[in-house]
Amino acid sequence: MRKKVTVVGGGNVGATAAQRIAERDYADVVLVDVVEGMPQGKALDLAQSGPVLGYDSAVTGANSYETTANSDIVVITAGIARRPGMTRDDLLRTNMGIMDSVVSEVVANSPDSILLIVSNPLDAMVYHAHKLSGFPKERVVGMAGVLDTARMRTFIAQELNVSVEDVNAYVLGGHGDTMVPLVRYTTVGGIPLENWLPKDRVEAIVQRTRDGGGEIVSLLKTGSAFYAPSAAVLQMVDSILLDKRRIVPAAAYLDGEYGVSGVFIGVPVILGENGVEKVIELELTDEEQAGFQKSLEAVNELVEAMANLG
């Protein structure tokens, strides 16, 4: 029996994620959006790609959640981006409201699903989704670290003119300006990055990684990244539904790991059929720990702001 993946939010990230998952041909896909006709039209377009690309995945569009029943994974991309003149609290309030309505429907229709959150502000939204759903911590996870790490790997490969496949990297912490690219754990062909590049070039890559999303927004003028985010979603969906047990950076619930409890933040995890199978604790230097703590404080600030708004 085919697996079933629901993608909530039919914008660029959601629709492209639905496309990538359908093309894998191991799961049926339901695309949900509040805009009447839009998810149905995109789903029909995707279904008609099947004969050409050779996949039999059923792709369905919907404005309600009945069709999503018994999904194995629900990918939530729904939410708005911050607009000119909008305060942080305005953004939080709006996206909290969207998450409230989505998660309540998901819990009612797919109580055994795994939630994969993509909506921003990422770490805060994962925390909120977990609280709303009442799901075990293993079954709620956020996508950001895979994307941030992919950006870092891309910049390194371009700098050295080598294959991205030979670049391994980790980015810890929240998805934002305070993320912590771990240079010490970054290798090219198994050789530490610092053996390949001088310190100033490494620091430039670290900063470009932190600014990765903003760089794309500034180039596009309207809109934001969606090809790489949807690819990152696919890697996580693959790892869960195929029980690949990939080790990936993801926003996971910490329960004592890294000396932290009660918060979702980016750390390396083993991702398998049960969701987050294990949080991997890396030994951090004092400098790395300080960066992680700064990122943690930024995430906690958002969580506290949500609590005040709620």
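These figures come from a predicted structure and were not determined experimentally. (Residues numbered from 1 in each chain as written. Predicted model: local features only at pLDDT ≥ 70, side-chain atom pairs only at ≥ 80, totals over all residues. Heavy atoms only, no water.)

1. Observations concerning unusual backbone geometry
Working step 1: The peptide bond linking Asn 120 to Pro 121 adopts the cis configuration, its omega dihedral lying at -5°.
Working step 2: Tracing the backbone shows Pro 121 in the loop between β5 (114–117) and α5 (122–133).
Working step 3: We note that Asn 161 has phi near 60°; this positive angle belongs to a residue other than glycine.
Working step 4: By relative accessible area, Asn 161 is classed as exposed at 71%.
Working step 5: The phi dihedral of Tyr 258 falls on the positive side, at around 60°, and the residue is not glycine.
Working step 6: Following the sequence through the fold, Tyr 258 ends up in the loop between β12 (246–255) and β13 (261–272). (Helix = DSSP H or I, 4+ residues; strand = E, 2+ residues; numbered from the N terminus. Buried < 20%, exposed > 50% of the residue type's maximum accessible area, 1.4 Å probe, protein only.)

2. Some words on the environment of Gly 272
Working step 1: For Gly 272, the location among the structural elements is in strand β13.
Working step 2: Exposure remark for Gly 272: the relative accessible area of 0% places this residue in the buried category.
Working step 3: Once the C-alpha coordinates of Gly 272 and Val 237 are considered, the two residues, 35 residues apart in sequence, prove to be 9.2 Å apart.
Working step 4: Sequence-distant contacts of Gly 272, defined by excluding residues within four places in its chain, comprise Ser 239, Ile 240, Asp 243, Arg 245 and Glu 277. (Contact = heavy atoms within 4.5 Å.)

3. Some words on the sheet that holds strand β7 (residues 167–168)
Working step 1: With antiparallel pairing, three strands are arranged side by side in an open sheet as β7-β10-β11. Of all strands in the sheet, those bounded by a partner on one side alone are β7 and β11 (191–192).
Working step 2: As judged from the two bridges shared by strand β10 (residues 187–188) and β11, these two strands associate in the antiparallel manner. Opposite Val 188, over in β11, you have Ile 191 as the bridge partner. (Pairing = 2+ DSSP bridges.)

4. Observations concerning the pattern of salt bridges
Working step 1: Going through the model one piece at a time under the given rule, you end up with nine salt bridges.
Working step 2: Here Asp 90 ties to Arg 93 by a salt bridge, and the two come within 3.5 Å at their closest N and O atoms. One end of the pair, Asp 90, and the other, Arg 93, are both in helix α4 (residues 88–109), three residues apart, so they sit about a helical turn from each other.
Working step 3: For Asp 90, a relative accessible area of 30% corresponds to the partly exposed category.
Working step 4: Ionic contacts of the salt-bridge type, sharing partners, join the residues Arg 2, Asp 25 and Asp 28 into one network. (Salt bridge = Lys/Arg side-chain N within 4 Å of Asp/Glu carboxyl O.)

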